[in-house]
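Letter by letter, the chains look like this.
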Amino acid sequence: MKAIKKIGLLAVFLMALLVVTACGNNSSKDSSSNDTKSSQQFKGKTMNVVATSDAYQPLFDKFSKQTGAKVKVLSMSSGEVLARMKADKSKPMADLWFGGGLDAFMQAKTDGQLEKYQSSSVKKIDSQYRDKDGYWLSKGLTVGGFVVNKKVLKEKNLPVPKTWADLADSKYKGEIIMSDPAVSGTMYAIVKGIIDQKGEKAGWEYWNKVNDNISFYGKRGKDPQEKTASGEFGIGIIPVDKMAFDSAKQNDLTVVYPKDGIPWVPEGVAVFKNAPGKKVAEAFIDFMLEPKNMKELAKLDGKDTDQIIMPGVKGLDLGLNKKDLMKENLSTFGSDRTAVLNKWSDMVGDK
Amino acid sequence: MFLEVKDLTKKYNHKTVLHSLSFQVKQNEILVVLGPSGCGKSTLLSCLNGFTTTDGGTVTLLDQDVTSLDPENRDITTVFQSYSLFPHMNVIKNLTYGLKFQKLSRQEKTAKAKKMLHLLQLDDYANSKIQDLSGGQQQRVALGRSLIVEPQLLLLDEPFSNLDEKLRLKMRQELRRLQNELNITMIFVTHDQQEAFAIGDRILVMDQGRIQQISNGEDLYSHPKNEFVLKFIGDSNQVTDDEYIRPEKIELTKNPTGDGTITNKIFQGATIDYALDYRGKNYQVTSLNRGQEFKIGDHVNVAYRTDKMEG
Amino acid sequence: MAKKHFGSKTINLIVFIVLSLSILVFILYPYLSIFIESFNEPGQTFFDFFVNNLDLTKNSLFIAITTMILSTVLSTAVTLIFVFISKKWQQILRLILLITMVSPPFVTSLAYITLFGRRGMITHDLLQLTINPYGPQGIILMEALSFTSLNALVLIGLINQLEPSLINSARSLGAKVDSIIKDIIIPLLRPGLIVVALISFIRSLADFQTPTIIGGSYKVLASEGYLAVISMGDIHQAALINITLAIPALIGFFLYIKYDRIVTTQGHENSGGQSPFPLPKKGAFFWISSVLSIFFYIALILQYGSIVLNAVSEKFMGKFHFSLQPILQTGPYLNDTILRTVSYSIIAGLLGSLISFFIIYYSQVKKNKWMQFIEMVGTFPYILPGTFFGLGYLYAFSKPPLQITGTAIIVVINVIFKQVAFATKAAKAATNQIEPTYFKTVHDLGGTVVNEWNDVFFPMTKHGFALTFLNGFISTMTTIGSIIFLVHPGQNMMTLVMFDVVQQGQYQVASVIACLIILICLIAAGIVFGIINLSERDWSHVFRSQRSNQEVQS
């Protein structure tokens, strides 16, 4: 009954447990990656990544296998990344920032939180999809459209909308859902894209009408997709990718590319300022820009060929036509964000 | 002097619960502290074993001032009312618990434990679980656990109050027997005067944080110093401020024209209690049950002798 | 008995100082930092914010108060049923309640939308209605349902403490079932009901997940605080919101302490007589609580049934098909996360319990005033929203002297100290079972403080310790808010992965993870209860009432 001795033992046990789980996984998988062809130049090194989803794991695994670097991923929205960097200025969030709306990357560049890197293969990317100073580049485009629940619309005798303009029609009142553009980068891109296309005045007039048709804004990016699938709403404004088509198949929905233009936003990739794993992160960008890996990435992202920022690389065929992409002004994409969102929040009030 | 308590004072939140108590205890003596509940007797005990700090006065044990020593450093042990036997240890472990803190070899410990078990007449129970013992046996283990460390002074805080009447009588004898064999000095706290008479060499009567009287039982009964002692010990009929009659000292004889009237009667077995109306006053009378009985309403002659308080 | 206790006194002093420091540094300091930071940073002042956003506060209070009432009524009904049913059924229902203490809000909400949404199976398909489920009504219903399991367990613990002779004598005097419940059981549950109500109130105030999922356009402080961080990166705003939240939470908390004292100190008198239950199944109370309980258990079955269903099926053209795909898909999301989460939970459970028991030793056994203050500081993480605690850590530990953000240690420390609030409560109840004279006996026979721990305190509270550990383990397995801003790559926890996949709409994967979390918690509970039952028999005579008392915390 020596409780004190037991406590001592316990302490040792706990320390061991902590050591094993906190640091031990550096060594756990290294032995399996004895790929003879790879250079294994980063063996024993770790690259920490914040990404928008855990779905990129296969690409990171491939990178690990090739270079020997261990990759640790944490899924996090770009807003959260910005917030965390603001609160904790003592150290970089991670080494690599992978995915997320471009506005956040532009903001981070302004705040001096990114590291400059010009990959030798970056020229392969159309210059409108990368920062002219080399702080960020994009890994692909996210495009906006809508998903329609035909059953719901049929019940109300409503036609399937074909264009953004259709959504402003008052007959769709209460049947449209979109997410709060402050939460969802894609929604912001759609709002900004249409304002760019129609011009400041007409753009806001349009959104005012759409706002009248919307009863509330989702607090999560996935709300429109899900709530249309469950029949809560007839029309959901969504990012169109393979997942949208898959979900449409599962739930008997229709995905629509609006005829009057498709808003888009590049997804950013960047290296954090003072990242300890800077070299690995840079190597990863080179790796990603290899066409075969770009293709793999397009598959994981579920992107159409025309959503890929590197000409010549084939993605999936989701029926997108590059010509339909809206004309957008990327230069004000980041700088206008606060103003647009403030105006937006004044417009929607308490919804 | 073996134990000397001088001007011991204790306050709780400005309320004085012990008013500068002074008394002494001789070696090998059993001093019983007797008083109603709330009179301060438990606080007094706490000051002696060190669990309560004092607000004045000294406690001297064998010429050493122990007033501010920690409990573990006092050569005093306590048997608590609830025994506090460790439920996760068996009898022998409980008994020898205090020996852990003395530099003794295993053999010495075992020898002491054996001897103590024998003394407590628990030889067969060394490895029993505490839960399997009867109340009386548990009480003996608790006593033994405090005795085995051979303290200079043993304190007992109403140790028999959880036992039934018969067992209590037996334990009193047992305690006296142990005291004779081990020659140990004890302070025994109780609210039960029978117990006080049966155990104490001397009895300290306490009320409201003050010592009312210290003496042997006979003296307390026959010569109470004040009204509290008079009323607390035995029954009495108070006649005037300092005169009283003990109920057994009133003699009744049957007489149809006597000026006493029996108003109530309670049969007690060996004795019979009567309520008596005598010259307009009520008296309590105790008679031995020797065949002479009165009925309610009987008229009797009354004979008595008054005693005087020695204040 | 010489003066040889120098060593033990030193250890005592060290433990005391380490305890005090650790609570001050890891609980008080983070909260203070966020307060100071939010007042120092440029931007809106607290007063401006409060006045401009009165509606948010009103909404939060409305939700919290209604949820409190609803959940208290519901848990009372669920509890009362226990006096009418046999031991066997009691065990089954208690197990269900234990499992459902782990309740990911998305589960509740998903089932709710499926059933009561605008195209819900019940509202639309069955009743031909199109009702808007989003808004306060959704939040209240979901929160009330998910708080009820824990609430009912607390109340059932009190029922088990009832003196059987009380009810038996009432019945022998001719009391009908209804009057027994009205005159004896409800009055005895009263302090428990107040505690349960206040717990619900505080939890509802702090819940940011349910409102974001089904609140629709209805905004409350907790969800706005969370969104301020993730959408705007506006930590100043988040801090202001959290400070506003702290005010009603603190008021609720001080009431809670007052009544909780009554709950943990009352009723050690169960004399183990003939059990008076089950009572005959009649009377208004029986029928009302039966109806409410049936509603409650059906809701539970639907919710948890839908998780299991989601975990093993796929949807195609609107129809579900059995499939192992979700389970296979989950692999890449978790990799080493399971091992890490379980280890952190074990560490948090053990160290959190150890710290809490030591605090209670000083505050309760030694009646040390300073430690009572420390104990109170220790309860802050329980009353204030978890995100607030996490933000506090982010502020406090991202700069010298203690710069530990980005490490695994900060996550572990956070989950350990988040335990202290509840663990000290449980430790207190376990410690109340030990008569103070046991501690005195040790000193009386020459032992020291260290002997008190060795020979009395820990051995005699080991069951309480085991249950406290289990509690800490489960709550770490299910914690989200306080660590969501602290984890860095390679430090993820299962709940965070689940929260994340829910955000991405991967409900199947989320369901698999939820099932895994529940399974792990069940296994841990099985092990702990198994160990307790093995050693229980020897103790039964000594601590007749201990077990029933400890169930209050389980």
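Since the structure is predicted, the reported quantities are computational estimates derived from the model, not experimental observations. The residue numbers shown here count from 1 along each chain, following its written sequence. Each chain gets a letter, beginning with A, and each ligand a number, beginning with 1, in the order they are written. Restriction of local features to residues with pLDDT of at least 70 applies here, the model being predicted, together with a cutoff of 80 or more for giving and counting side-chain atom pairs; totals for whole chains, interfaces and linings are based on all residues.

With respect to the overall build of chain C
Numbering of helices and strands runs from the N terminus, with a helix taken as a DSSP run of H or I at least four residues long and a strand as a DSSP run of E at least two residues long. Along the backbone of chain C there are 25 helices and two strands. We call a residue exposed when 12 or fewer other C-beta atoms sit within 10 Å of its C-beta, buried when the count reaches 20 or more, and partly exposed for counts in between; the C-beta positions come from the backbone. In chain C, buried positions account for 56% of the 554 residues.

Digging into the overall build of chain A
Across its full length, chain A carries 14 helices and 10 strands. When we talk radius of gyration, it's over C-alpha atoms, and the globule rule is simply 2.2 Å times the number of residues to the 0.38. Taking 351 residues into account, the globule formula puts the C-alpha radius of gyration at 20 Å, and chain A, at 23 Å, falls close to it. Its C-alpha atoms give chain A principal-axis dimensions of roughly 75 × 60 × 40 Å. Every one of the 351 residues in chain A was classed for burial, and the buried ones make up 49%. Of all intrachain contacts in chain A linking residues separated by at least 6 positions in sequence, the fraction that spans at least 24 positions is 74%. Remark: residues whose backbone-derived C-beta atoms lie within 7 Å of one another are considered to be in contact.

Topic: the interface of chain C and chain B
On the chain B side, the residues contacting the 21 residues of chain C number 22 residues. Of all the elements, helix α20 (residues 436-444) of chain C adds the most residues to the side of chain C that touches chain B, at six residues.

Examining the nonpolar core
One nonpolar core equals one set of buried Ala, Val, Leu, Ile, Met, Phe, Trp, Tyr and Cys residues connected by C-beta atoms within 7 Å. Within the largest apolar cluster, 330 residues are counted, with the highest numbers of intra-cluster contacts made by V49(A), V50(A) and V32(B). Residue contributions to this core peak at 16 residues, all from helix α19 (residues 408-432) of chain C. Leaving out residues up to four positions away in the same chain, V32(B) has contacts with F188(B), T190(B), A196(B), I199(B), G200(B), I203(B) and L204(B). Core analysis: the next-biggest nonpolar cluster, separate from the first, contains nine residues, Y274(B), L276(B), Y283(B) and F294(B) among them.

Concerning the interface of chain A and chain C
Across the boundary between the two partners, chain A contributes 52 residues, which contact 57 residues of chain C. Sorting the residues of the side of chain A that touches chain C by element identifies α1 (3-22), β1 (46-51), β2 (70-75), α4 (78-87), α10 (223-229) and α11 (242-251) of chain A as the ones contributing at least two each.

Side note on the sheet that holds strand β8 (residues 185-190) of chain B
All names here are of chain B. Criterion used throughout: strands pair if DSSP finds at least two bridges between them. Read across the open sheet, the six strands follow the order β6-β7-β8-β3-β9-β10; overall the sheet is mixed. Of all strands in the sheet, those with a lone pairing partner are β6 (76-79) and β10 (210-215), marking the two edges. In this sheet, adjacent strand axes meet at a mean angle of 20° when their direction is disregarded. In this structure, β6 lies alongside strand β7 (residues 153-157), joined through four bridges in parallel fashion. Along β7, the bridge assignment pairs I76 with L153. Comment: axis = line fitted to C-alpha atoms, over the contacting stretch for helices; angle = value between 0 and 180 degrees taken between N-to-C directions.

Structural notes on helix α4 (residues 135-147) of chain B
All names here are of chain B. Here α4 spans 18 Å end to end across 13 residues, near enough to the 18 Å set by a 1.5 Å rise per residue. Three or more residues of α4 are buried, namely Q139, R140, V141, A142, L143, G144, R145, S146 and L147. Of the surrounding elements, those touching the buried residues of α4 are β6, α2 (91-95), α3 (106-119), β7 and α5 (165-182). What a helix is expected to span follows from its residue count: subtract one and scale by 1.5 Å.

Structural notes on helix α7 (residues 136-160) of chain C
Between the first and last C-alpha of α7(C) there are 35 Å, a value that for 25 residues agrees with the 36 Å anticipated at 1.5 Å per step. Remark: the principal bend of α7(C), roughly 40°, maps to T148(C). Across the chain, bend at a residue is computed as the angle between axes fitted to the seven residues ending at that point and the seven starting from it.

Topic: the domain arrangement of chain A
Residues and elements named next belong to chain A. According to the domain assignment, chain A contains domain 1 (34-141 + 266-316) and domain 2 (142-264 + 324-348). The C-alpha centroid of domain 2 is placed 28 Å from the C-alpha centroid of domain 1. Listed by partner, the interface residues are 15 residues for domain 1 and 13 residues for domain 2. At the level of elements, β3 (96-101) and α5 (102-110) are the ones that each hand at least two residues to the side of domain 1 that touches domain 2. With four residues, the single largest contributor to the side of domain 1 that touches domain 2 is α5. Three residue categories are used. Nonpolar comprises Ala, Val, Leu, Ile, Met, Phe, Trp, Tyr, Cys and Pro, charged comprises Asp, Glu, Lys and Arg, and polar comprises the others, including Gly. Looking at side-chain class alone, the side of domain 1 that touches domain 2 contains four nonpolar, seven polar and four charged residues. Here the bounds of each domain stem from an automatic or database domain assignment.

Quick word on the confidence of the model for chain A
Residues and elements named next belong to chain A. Confidence along chain A averages 83 in pLDDT terms, with 92% of residues attaining 70 or more. Every residue gets a pLDDT, meaning the predictor's confidence in that residue, from 0 to 100. Ranking the elements of chain A by mean pLDDT puts helix α2 (residues 25-28) last, at 41, and helix α9 (residues 200-213) first, at 92. Here residues 24-37 is a poorly scored stretch, pLDDT under 50, and it has 10 contacts once near neighbours within four places are set aside; other chains count.

Things to note about the sheet that holds strand β18 (residues 307-308) of chain B
All names here are of chain B. Taken in spatial order, the three strands of this open sheet run β11-β12-β18, and their pairing is antiparallel. Each having just a single partner strand, β11 (237-238) and β18 make up the two edges of the open sheet. Bridge count for β11 against strand β12 (residues 243-245) is two bridges, and the pairing is antiparallel. In the sheet register, N237 faces β12, and the bridge partner there is I245.

Quick notes on unusual backbone geometry
All names here are of chain B. Not every positive phi belongs to a glycine, and N13 is a case in point at roughly 50°. Relative to the helices and strands, N13 is located in the loop between β1 (3-12) and β2 (15-25). With a phi close to 65°, D63 is a non-glycine residue in the positive phi region. With respect to the helices and strands, the residue D63 is situated in the loop between β4 (58-61) and β5 (64-65). With 8 C-beta atoms packed within 10 Å, D63 lands in the exposed category.

Describing the environment of G145(A)
Residue and element names in this part refer to chain A. Here G145 lies in strand β5 (residues 136-148). G145 sits 64 residues away from V81 along the chain, and the two C-alpha atoms are 26 Å apart. With residues near it in sequence (within four places) discarded, G145 still touches I238, V240, V255, V256, Y257, P258 and I262.

Remarks on the environment of H236(C)
Residues and elements named next belong to chain C. Considering the arrangement of structural elements, one finds H236 in helix α12 (residues 235-265). By the C-beta count within 10 Å, which is 21 here, H236 ends up buried. Considering only alpha carbons, one finds H236 and I531, 295 residues apart in sequence, at a separation of 48 Å. Those residues in contact with H236 that lie beyond four places of it in its chain are S38, E41 and G43.

Some thoughts on the confidence of the model for chain C
Residue and element names in this part refer to chain C. On average, chain C scores 80 in pLDDT, and the residues at 70 or more come to 89%. Considering each helix and strand of chain C separately, the mean pLDDT is smallest for helix α25 (residues 546-550), with a value of 34, and largest for helix α3 (residues 54-80), with 92. When the criterion is pLDDT under 50, residues 265-273 qualifies, and its contacts beyond four places in sequence or with other chains add up to 16 contacts.

Comments concerning the packing of helix α1 (residues 6-40) of chain C against helix α18 (residues 386-396) of chain C
Residue and element names in this part refer to chain C. In the contact formed by α1 and α18, the axes pass within 8 Å of each other and the chain directions differ by 80°. Taken together, α1 and α18 sit at an angle that is classed as roughly perpendicular. Only F388, F389, L391, G392, Y393, Y395 and A396 of α18 make contact with α1, whose side of the interface consists of Y29, P30, Y31, S33, I34 and E37. Comment on the angle field: the value is read as roughly parallel under 35 degrees, roughly antiparallel over 145, roughly perpendicular from 65 to 115, and oblique elsewhere.

Examining the environment of Q268(B)
Residues and elements named next belong to chain B. Within the secondary structure, Q268 is located in the loop between β14 (260-267) and β15 (271-278). C-beta crowding within 10 Å serves as the criterion here: with 10 such atoms nearby, Q268 is assigned to the exposed category. Distance from Q268 to Q107, taken between C-alpha atoms, is 54 Å for residues 161 residues apart in sequence.

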